[in-house]
Amino acid sequence: MGWPYIGETFQLYSQNPNVFFASKVKKYGSIFKSHILGCPCVMISSPEEAKLVLVSKAHLFKPTFPASKERMLGKQAIFFQQGEYHTKLRKLVLTAFMPETIKNKILDIESIAVSLLQSWEGRLINTFQEMKTYTFNVALLFMFGRDEVLYREDLKRCYYILEKGYNSMPVNLPGTLFHKAMKARKDLAQILAKILKLRRQMKHDYSDLLGSLMDDEEGLDDEQIADNIIGVIFAARDTTASLITWILKFLAENPSVLHAVTEEQESIIKNKVERGEDRILSWADTKKMTITKRVIQESLRVASILSFTFREAVEDVEFNGYLIPKGWKVLPLFRNIHHCRDNFCDPEKFDPSRFEVAPKANAFMPFGSGTHSCPGNELAKLEILVLIHHLTTKFRWSLVGPQNDIQYEPFALPQNGLPIQLSLKR
């Protein structure tokens, strides 16, 4: 269980999570206990056991995070709920992120992607920081519609501070990362309060997520609305930005895969030109990106941006011969499942072709599983496809500096955020 209060938090977050998990599994088996972020927890590393927690016996394990994370994101946010309230929130969020909705925003996403890529030409950029800008702007589009430009910079400033303290020890003293993060969280709530007040004065109909949450028929108060907007933006930003960063690294290091993706994307343009169509991407075009989608899947598996998710035992639970005490956190280990040789052959190798065949049941869960799986996964995949289309057909890029190390804060990232040099194809 590690040190008092601190537990094994530093061991987990200061090294490759694969090393931490593998050493535990080797010593204790597929179920073991630990203590991280101030919480006693049970970690579960097999697909079958993860399904029990997330799906089959989900009623015994409520979604939760350590109290410090709940305070940062908002206790009324969708991530921490069960029952009727969760069902209502999930329906509202899915309405904003379902294919029928997002396919009408491809042009807006494309505009954001093209504008960002053009600003990179001839520059040395930090990929992760630039991708955070991209995913943040796309997330704001779906939260606030085209009004998002009015609030973009203030929201970006607060989120930057919030993410710095996200995995810090919850010591709320002046000067600490946690204290600064909680102040930024308060500022975010105040910005949302202003937006809500303005929208009520305007009395317009809005088709974005904020508009759905504000619907009088839903009966959500301002705190519930703010918690869910703030939480969803946080979830949509860094995870997707991390994934795109890894995709660019994997493509740069695997020329044959990059060539196949580029050919696929160029064939879409070629077919549109031959038919006399505009080059603007359509929903139908994204359905033709089979190889690119496999690259996304394999990047999700290898990088495993979310190493685990948090659940909490709602009562004392008998689980595969063990007693999990009420209130303990239970963590299905996605990263361990994705890197297990029993689930994937040569798991450390980047090989998108492995997804030509469906993986073993419950062995691939990049967006979670069950009723609490990520409701924004279709949007994440779409914004990646749009960016990769324009990146591979218009630009070349090369990695700058050594890229042998990985940093973990809070998500696994290539060294130094993956510096790259971008140039326009001639």
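The chain is annotated in an unreviewed UniProt entry as (+)-abscisic acid 8'-hydroxylase from Olea europaea subsp. europaea. Among the UniProt annotations of the chain, the heading Catalytic activity (unreviewed entry) holds the following wording: "2-cis-(+)-abscisate + reduced [NADPH--hemoprotein reductase] + O2 = (+)-8'-hydroxyabscisate + oxidized [NADPH--hemoprotein reductase] + H2O + H(+)". Under the UniProt heading Subcellular location (unreviewed entry), the entry covering the chain gives this text: "Membrane".

Colleague: So what about the environment of threonine 240? Which residues, and what values?
Modeller: Positionally, threonine 240 belongs in helix α12 (residues 222–253). Exposure remark for threonine 240: the relative accessible area of 8% places this residue in the buried category. Sequence separation between threonine 240 and aspartate 316 is 76 residues; the distance between their C-alpha atoms is 36 Å. With sequence-adjacent residues up to four places away left out, threonine 240 is seen in contact with Thr135, Ala380, Glu383 and Ile384. Here alanine 236 takes part through its backbone oxygen, which lies 3.3 Å from a polar atom of the side chain of threonine 240.

Colleague: Just give me the short version of the sheet that holds strand β1 (residues 31–36), but keep the residues and values in it.
Modeller: Reading across from one edge, β1-β2-β8-β5-β3 is the order of the five strands in this open sheet, with mixed pairing throughout. With partners counted over all chains shown, the strands left at the sheet margins are β1 and β3 (61–63), one partner each. The sheet shows a mean angle of 35° between the axes of neighbouring strands, direction not considered. Both β3 and strand β5 (residues 311–313) contribute to a ladder of three bridges, which runs antiparallel. Counterpart to proline 63 in the pairing with β5 is arginine 311. Contacting β1 and β2 (39–44), helix α2 (residues 17–28) crosses the sheet at an angle of about 135° to β1. Along the sheet, helix α3 (residues 47–56) contacts β1, β2, β3, β5 and β8 (329–332); its crossing angle with β8, the most-contacted strand, is approximately 130°.

Colleague: Before we move on, could you go through the packing of aromatic side chains and cite the residues and values that matter?
Modeller: Taken as a whole and assessed by the stated rule, the structure comprises ten aromatic pairs. Both rings, one in phenylalanine 308 and one in phenylalanine 310, keep their centres 5.5 Å apart while their planes meet at 90°; by these two values the pair is edge-to-face. The exposure class of phenylalanine 310 is buried, given its relative accessible area of 4%. Ring-pair connections join several aromatic residues into one group, and the members of that group are Phe21, Phe308 and Phe310. The cationic tip of lysine 105 hangs over the ring face of phenylalanine 142; the distance from NZ or CZ to the ring centre is 4.9 Å. Above the ring of phenylalanine 136, the side-chain terminus of arginine 237 is found at 5.0 Å from the ring centroid.

Colleague: Residue-level account of the state of the cysteines, with values.
Modeller: Taken as a whole, this structure holds zero disulfides when the rule is applied. With no disulfide partner, cysteine 340 has as its closest neighbouring cysteine sulfur the one in cysteine 345, 12 Å distant. Owing to a relative accessible area of 66%, cysteine 345 belongs among the exposed residues under this scheme.

Colleague: Hey, could you go over the environment of lysine 180 for me, with residue numbers and the actual values?
Modeller: Mapped onto the secondary structure, lysine 180 falls in helix α10 (residues 177–202). By relative accessible area, which is 44% here, lysine 180 ends up partly exposed. Leaving out residues up to four positions away in the same chain, lysine 180 has contacts with Ile161 and Gly175.

Cut-off values and rules
- Residues numbered from 1 in each chain as written.
- Predicted model: local features only at pLDDT ≥ 70, side-chain atom pairs only at ≥ 80, totals over all residues.
- Heavy atoms only, no water.
- UniProt positions renumbered as here; feature names shortened; annotations may be inferred.
- Helix = DSSP H or I, 4+ residues; strand = E, 2+ residues; numbered from the N terminus.
- Buried < 20%, exposed > 50% of the residue type's maximum accessible area, 1.4 Å probe, protein only.
- Contact = heavy atoms within 4.5 Å.
- Polar contact = N/O pair within 3.5 Å; in protein donor to acceptor, adjacent residues only side chain to side chain.
- Pairing = 2+ DSSP bridges.
- Axes fitted to C-alpha atoms, helices over the stretch in contact; angles between N-to-C directions.
- Phe/Tyr/Trp six-rings, centres within 6.5 Å; stacked < 30°, edge-to-face > 60°.
- Lys NZ or Arg CZ within 6 Å of the ring centre and 35° of its normal.
- Disulfide = S-S within 2.5 Å.

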